[in-house]
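# Structure assessment
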Amino acid sequence: MRVRVEQTTLPGIGVRHDLITESGRRLGVVSHRNGRRDLVLYDDDDPDACTADIPLTDDEAEALADILGASLMLGQLAGLRQQAAGLLTEQVPISAGSPFVGRSLGDTKARTRTSASIVAVLRDREVIASPGPAFRFETGDVVVVVGTRRGLDGVTAIFADGDPDS
């Protein structure tokens, strides 16, 4: 299902983006010219009347975006797993003792060595989707991997000790 997002210029204020949920509720985000953001919820009976206006700090807006993005991505991966027999997803934490802390994704050669794919990295409250080969790992990162059981085990071994055959 495609979601329609309406953009309205608010002269002297900024821009408002609205969407209507499947249940018929209208909500939006007002992005002010000064950088402030407000999450707004509209009245069921009057789509022009605001019933709630929640100002968001930069950190709150980022956290909300991360929560929605991470849950959507992981939900899509779970759906993919159900559709493809033998295809699994797993989250692999990067510990301080990993040989890849400070090194790049390309250095792991994970896909070549295991046939599993690293599709995202969760860092703090941020989701880094489809990291490129130059992406550098940090202690505490959580790597989201898609592949067979053997491939996932291989990626886990690479991040633990560098050897997918251990």
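Note that the structure is predicted; figures quoted are calculated from it, not measured.

The next thing to look at is the overall build of the protein chain. The helix and strand inventory of the protein chain stands at four helices and nine strands. Helices and strands appear in the protein chain in the N-to-C order β-β-β-β-β-α-β-α-α-β-β-β-α. When each of the 166 residues of the protein chain is scored for burial, the buried share is 30%. Within the protein chain, contacts between residues separated by at least 24 positions form 45% of all contacts whose residues are at least 6 apart in sequence. By element, 52% of the accessible surface of the protein chain is carried by carbon and sulfur atoms, the whole surface being about 10,300 Å².

Turning to the environment of Asp124, a few remarks are in order. Its place among the elements puts Asp124 in the loop between β7 (117-123) and β8 (126-129). In this structure, the C-alpha to C-alpha distance between Asp124 and Val142, residues 18 residues apart in sequence, is 9.1 Å.

Two side chains of opposite charge can pair, provided their charged atoms sit close to one another. Using the criterion set out here, one finds eleven salt bridges in the structure. In this structure, Asp18 and Arg16 form a salt bridge, with 2.8 Å as the shortest nitrogen-oxygen distance. Note that Asp18 is salt-bridged to Arg26, the shortest N-O span being 3.5 Å. Arg26 matches Asp18 in its accessibility class, with the two residues each being buried. Members of the salt-bridge network, linked through shared partners, are Glu6, Arg16, Asp18 and Arg26.

Quick look at the packing of aromatic side chains now. Across all of its chains, the model carries three aromatic pairs by this definition. Centroid distance Phe135 to Phe137: 5.4 Å. Interplanar angle 85°. Geometry classified as edge-to-face. You can call Phe135 buried: its relative accessible area is 13%. For Phe137, a relative accessible area of 1% translates into the label buried.

Here the focus is the confidence of the model for the protein chain. Overall, the predicted model of the protein chain reaches an average pLDDT of 83, with 84% of residues at or above 70. Taken element by element, the protein chain is modelled with least confidence in helix α1 (residues 58-83), mean pLDDT 65, and with most confidence in helix α2 (residues 105-108), mean pLDDT 94.

Let's shift gears to helix α4 (residues 149-161). In this model α4 runs 18 Å from its N-terminal to its C-terminal C-alpha over 13 residues, within 8% of the 18 Å that 1.5 Å per residue would give. For α4, the secondary structure elements touched by its buried residues are β6 (88-93), α2, α3 (110-114), β7 and β9 (142-147).

What follows concerns the sheet that holds strand β1 (residues 5-10). Reading across from one edge, β1-β2-β3-β4-β5 is the order of the five strands in this open sheet, with antiparallel pairing throughout. The outermost strands of the open sheet, each flanked by one partner alone, are β1 and β5 (50-56). The average undirected angle you get between the axes of adjacent strands in this sheet is 20°. Relative to strand β3 (residues 26-32), strand β2 (residues 14-20) runs antiparallel, the two sharing seven bridges. Paired with Gly14 across the bridge in β3 is His32.

Definitions and cut-offs
- Residues numbered from 1 in each chain as written.
- Predicted model: local features only at pLDDT ≥ 70, side-chain atom pairs only at ≥ 80, totals over all residues.
- Heavy atoms only, no water.
- Helix = DSSP H or I, 4+ residues; strand = E, 2+ residues; numbered from the N terminus.
- Buried < 20%, exposed > 50% of the residue type's maximum accessible area, 1.4 Å probe, protein only.
- Contact = heavy atoms within 4.5 Å.
- Areas by Shrake-Rupley, 256 points an atom, 1.4 Å probe, with all protein chains shown as cover.
- Salt bridge = Lys/Arg side-chain N within 4 Å of Asp/Glu carboxyl O.
- Phe/Tyr/Trp six-rings, centres within 6.5 Å; stacked < 30°, edge-to-face > 60°.
- pLDDT = per-residue confidence, 0-100.
- Expected span 1.5 Å × (residues − 1).
- Pairing = 2+ DSSP bridges.
- Axes fitted to C-alpha atoms, helices over the stretch in contact; angles between N-to-C directions.

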